[in-house]
Amino acid sequence: MNLRAVLKLMVSGRIARPALKVALVVGTVLNVINNGGRIMAGQAVDPWHLVLNYLVPFCVSAYSAARNEAARERGD
């Protein structure tokens, strides 16, 4: 399966919606762990780090689901 096909599956609604839910939960936990002290102290937090804490779990979840879907379609 080529990268383009996997990316297409990753952004399909049946995969992206559940991956977004996972990213919201895991990303929030990661932000509390990684930035909780700074947020509670009223200090600035790097916005890029906040975004990455949500983006990485989304990508992992969506990629894994897309690979599983592709394998199922191939009959693996």
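Right above here is the structure, for reference.
Owing to the predicted nature of the structure, the values given are computational and were not obtained by experimental measurement.

Some remarks on the overall build of the protein
Along its length, the protein carries three helices and zero strands. The linear arrangement of helices and strands in the protein, starting from the amino end, is α-α-α. For 76 residues, the compact-globule formula gives about 11 Å, and the C-alpha radius of gyration of the protein, at 16 Å, lies well above that figure. Seen through its principal axes, the protein has C-alpha atoms that stretch 50 × 20 × 20 Å. For the protein, the proportion of contacts with a sequence separation of at least 24, taken over those separated by at least 6, is 70%. Counting every atom, the protein has about 5,400 Å² of accessible surface; 66% of that belongs to carbon and sulfur. Across the protein, the mean location of the 9 positive side-chain charges is 4 Å away from that of the 4 negative side-chain charges.

Comments concerning a nonpolar patch on the surface
Side chains of Val22, Val25, Val26, Val29 and Ile33 sit close together on the surface and give an oily, nonpolar patch of about 420 Å² of accessible area. With respect to the element layout, Val29 can be found in helix α2 (residues 13-40). Under the relative-accessibility criterion, Val29 is labelled partly exposed at 44%.

Structural notes on the side chain of Glu69
By secondary structure assignment, the location of Glu69 is in helix α3 (residues 47-74). Under the relative-accessibility criterion, Glu69 is labelled buried at 16%. A distance of 3.3 Å separates a polar atom in the side chain of Glu69 from a polar atom in the side chain of Arg14. Once residues lying within four places of it in the same chain are set aside, the contact partners of Glu69 are Leu9, Arg14 and Ile15.

Observations concerning α2
In a regular helix each residue adds 1.5 Å, so 28 residues correspond to 40 Å; α2 covers only 36 Å between its end C-alpha atoms and thus falls short of that length. At Asn34, α2 shows its maximal bend, which comes to roughly 60°. Buried residues of α2: Ile15, Ala16, Ala19, Ala23, Gly27, Asn31, Asn35 and Gly36, and no others. Looking at the packing, one finds that the buried side of α2 touches α1 (3-10) and α3.

About the criteria used
Residues numbered from 1 in each chain as written. Predicted model: local features only at pLDDT ≥ 70, side-chain atom pairs only at ≥ 80, totals over all residues. Heavy atoms only, no water. Helix = DSSP H or I, 4+ residues; strand = E, 2+ residues; numbered from the N terminus. Rg over C-alpha atoms; globule rule 2.2 N^0.38 Å. Contact = heavy atoms within 4.5 Å. Areas by Shrake-Rupley, 256 points an atom, 1.4 Å probe, with all protein chains shown as cover. Lys, Arg positive; Asp, Glu negative; His and termini not counted. Charge placed at Lys NZ, Arg CZ, Asp CG, Glu CD. Patch = residues over 30% accessible without salt bridge, like charges linked within 9 Å, V, L, I, M, F, W, Y side chains within 5 Å. Salt bridge = Lys/Arg side-chain N within 4 Å of Asp/Glu carboxyl O. Buried < 20%, exposed > 50% of the residue type's maximum accessible area, 1.4 Å probe, protein only. Polar contact = N/O pair within 3.5 Å; in protein donor to acceptor, adjacent residues only side chain to side chain. Expected span 1.5 Å × (residues − 1). Bend = angle between axes of the 7 residues up to and from the residue.

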